[in-house]
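Chain by chain, the residues run as shown.
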Amino acid sequence: MNAPPKHKLWRARPWMWAVLAALAVGCQAATKTVVAPPGRHSVRSGDLLVLSDFRLSPEHPLIRDLEALREHVSRSLELPPPREQVVVYLFETEAAYAHYLDTVYPGLPRRRAYFVGTPRELAVYTCWGERIQEDLRHEYTHGILHASLGRMPLWLDEGLAEYFEIGGPAPGRINGEYVVELPEALAGGWRPDLARLERLERFEQMQRIDYQEAWAWVHFMLHSTPENRQTLVSYLHDLRDQPQPAPLSKRLAEAQPSLDERFTAYLGSLTTLRSAEAASVP
Ligand SMILES: [Zn+2]
């Protein structure tokens, strides 16, 4: 499979379940081909169920990393307990993964990983490969969020997944690509606009700069001030309990005077923040 140069633009969105289901029905009617996702072996850890056709130890570093990720996400965002499990279908080869998706979801663009939330289950589809850890961290973050909160605005769903996909000794550290590209965009005249991000409803509307801005808003909220962090945490709680919670852009603007100027200055300081971060990480 030819991976797109920026894989993050190419992940399925939870709302796609309806499209995917329709495609699947059409496929079954047209081809009568039966394929099954991996399922000979399973590893369960809490709300995480990993199904594969090859043996994977519960002690495997990948499983341990996902467990640590779940703890990190839940603690950082003060998430309520999950209401659903997340099933990871882990194909052994890219060919098997591609064959499954081509058969069950014909016409679906080739991506390294998909998160698909349906009324039936929260599922991650991916295959073993060089970037399996990053891909699984990103998609499982979507799963954790949806299992605990049920629904997420598109931009925040992606911003949080971008933030938490970065693992290693200091999870959630500054994205090395974005720290270069966001200041360049600013210098080129681009300006952040959270209210605009909030209006994006379809994943094909989100461009690379939107993923970067979404990541940056998450980083800003989690690392700038305790008040901004609490604004995010409160919003996530309201998402679970209220049908139409007040948007984050409004809440942040009320809690943070001169929000746009503060955020733009934060973007400008990312390089400095990253240098300090690099010096503190062994
Ligand atoms: Zn994503």
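Residues numbered from 1 in each chain as written. Predicted model: local features only at pLDDT ≥ 70, side-chain atom pairs only at ≥ 80, totals over all residues. Heavy atoms only, no water.

Draft legend 1. A look at the packing of helix α2 (residues 61–77) against helix α9 (residues 226–241). Across the interface, α2 lies against α9 with an axial gap of 9 Å and an inter-helix angle of 100°. On the basis of their axis angle, the class for α2 and α9 is roughly perpendicular. Seen from α2, the contacting residues are R75, S76 and L77; seen from α9, they are R229, L232, V233, L236 and H237. (Axes fitted to C-alpha atoms, helices over the stretch in contact; angles between N-to-C directions. Helix = DSSP H or I, 4+ residues; strand = E, 2+ residues; numbered from the N terminus. Parallel < 35°, antiparallel > 145°, perpendicular 65-115°, else oblique. Contact = heavy atoms within 4.5 Å.)

Draft legend 2. Spatial organisation of the confidence of the model for the protein chain. Chain-level statistics for the protein chain give a pLDDT mean of 85 and a share of 85% at 70 or above. Taken as a whole, residues 1–32 scores under 50 in pLDDT and shows 71 contacts with residues more than four places along the chain or in a different chain. (pLDDT = per-residue confidence, 0-100.)

Draft legend 3. The packing of aromatic side chains, seen in detail. Following the criterion strictly, the structure yields twelve aromatic pairs and no others. Summarising the aromatic geometry, the rings of Y89 and Y125 are spaced 5.1 Å apart at their centres and angled 15° between planes, so their arrangement reads as stacked. Here Y89, found in strand β3 (residues 86–91), pairs with Y125, found in strand β5 (residues 122–127); they are 36 residues apart in sequence, far enough to count as distant. Comparing Y89 with Y125 shows no difference in burial state: the two are buried. (Phe/Tyr/Trp six-rings, centres within 6.5 Å; stacked < 30°, edge-to-face > 60°. Buried < 20%, exposed > 50% of the residue type's maximum accessible area, 1.4 Å probe, protein only.)

Draft legend 4. Highlighting the nonpolar core. Grouped together as the largest cluster of nonpolar side chains are 64 residues, with contacts concentrated most on L77, W155, L156, W217, M221 and L236. It is helix α8 (residues 208–223) that provides the largest number of residues to this core, a total of nine residues. Mapped onto the domain boundaries, this core takes at least three residues apiece from domain 1 (7–151) and domain 2 (178–280). Contact partners of L156, with chain neighbours within four places excluded, come to V218, M221, L232, Y235, L236 and L248. Listed in part, the 16 residues of the second largest apolar core include L49, Y97, V104 and C127. (Core = buried A, V, L, I, M, F, W, Y, C linked by side-chain atoms within 4.5 Å. Domains from an automatic or database assignment.)

Draft legend 5. Representation of unusual backbone geometry within the structure. For E78, which is not a glycine, the phi torsion comes out positive at approximately 50°. Among the structural elements, E78 can be located in the loop between α2 and β3. E78 gets classed as partly exposed once you look at its relative accessible area, which sits at 36%. Despite not being glycine, S258 has its phi angle at roughly 55°, a positive value. Turning to its location among the elements, S258 is positioned in the loop between α10 (248–255) and α11 (259–268).

Draft legend 6. Local environment of the coordination of the zinc ion. Those protein atoms acting as donors to the zinc ion are H138 (NE2), H142 (NE2), E158 (OE) and E158 (OE), and they sit at 2.1 to 2.7 Å. Spacing between the donor residues of the zinc ion along the chain follows H-x3-H-x15-E. Here H142 is found in helix α4 (residues 132–149), whereas its partner E158 is found in helix α5 (residues 154–164), with 16 residues between them in sequence. Residues H142 and E158 agree in their burial class; the two are buried. (Donors = N, O, S within 2.8 Å, 3.2 Å for Na, K, Ca; no water.)

Draft legend 7. Layout of the pairing of strand β2 (residues 48–52). Counting buried positions along β2 gives five out of five residues, so the element sits mostly inside the fold. The side-chain alternation of β2 yields two buried faces, one formed by L48, V50 and S52 and the other by L49 and L51. Across five bridges, strand β1 (residues 41–45) lies against β2 in antiparallel orientation. Bridge pairing links S42 to L51 in β2. In textbook terms, the turn of a hairpin is the stretch between consecutive antiparallel strands, and for β1 and β2 this stretch comprises two residues, one of which, G46, has a positive phi near 60°. (Pairing = 2+ DSSP bridges.)

Draft legend 8. Fine view of α11. Every buried residue of α11 is accounted for by L259, F263, Y266 and L267. Buried residues of α11, seen end-on, are gathered within an arc of 100° and therefore sit on one face of the element. Structural note: α11 exposes E261 and A265 on the side pointing more than 90 degrees away from its buried face. (Arc of directions from axis to C-beta.)

Draft legend 9. Local environment of the pattern of salt bridges. Per the stated rule, a full pass over the model turns up 17 salt bridges. R196 is the salt-bridge partner of D210, the closest N and O atoms lying 2.5 Å from each other. In this pair, D210 is assigned in helix α8 and R196 in helix α7 (residues 194–199), connecting sequence segments 14 residues apart. One salt bridge in this structure joins D238 and R251, with 2.9 Å as the shortest N-O distance. Of this pair, D238 sits in helix α9 while R251 is found in helix α10, placing the two residues 13 residues apart along the sequence. One exposure class covers both D238 and R251, and it is buried. Members of the salt-bridge network, linked through shared partners, are E59, R64 and E67. (Salt bridge = Lys/Arg side-chain N within 4 Å of Asp/Glu carboxyl O.)

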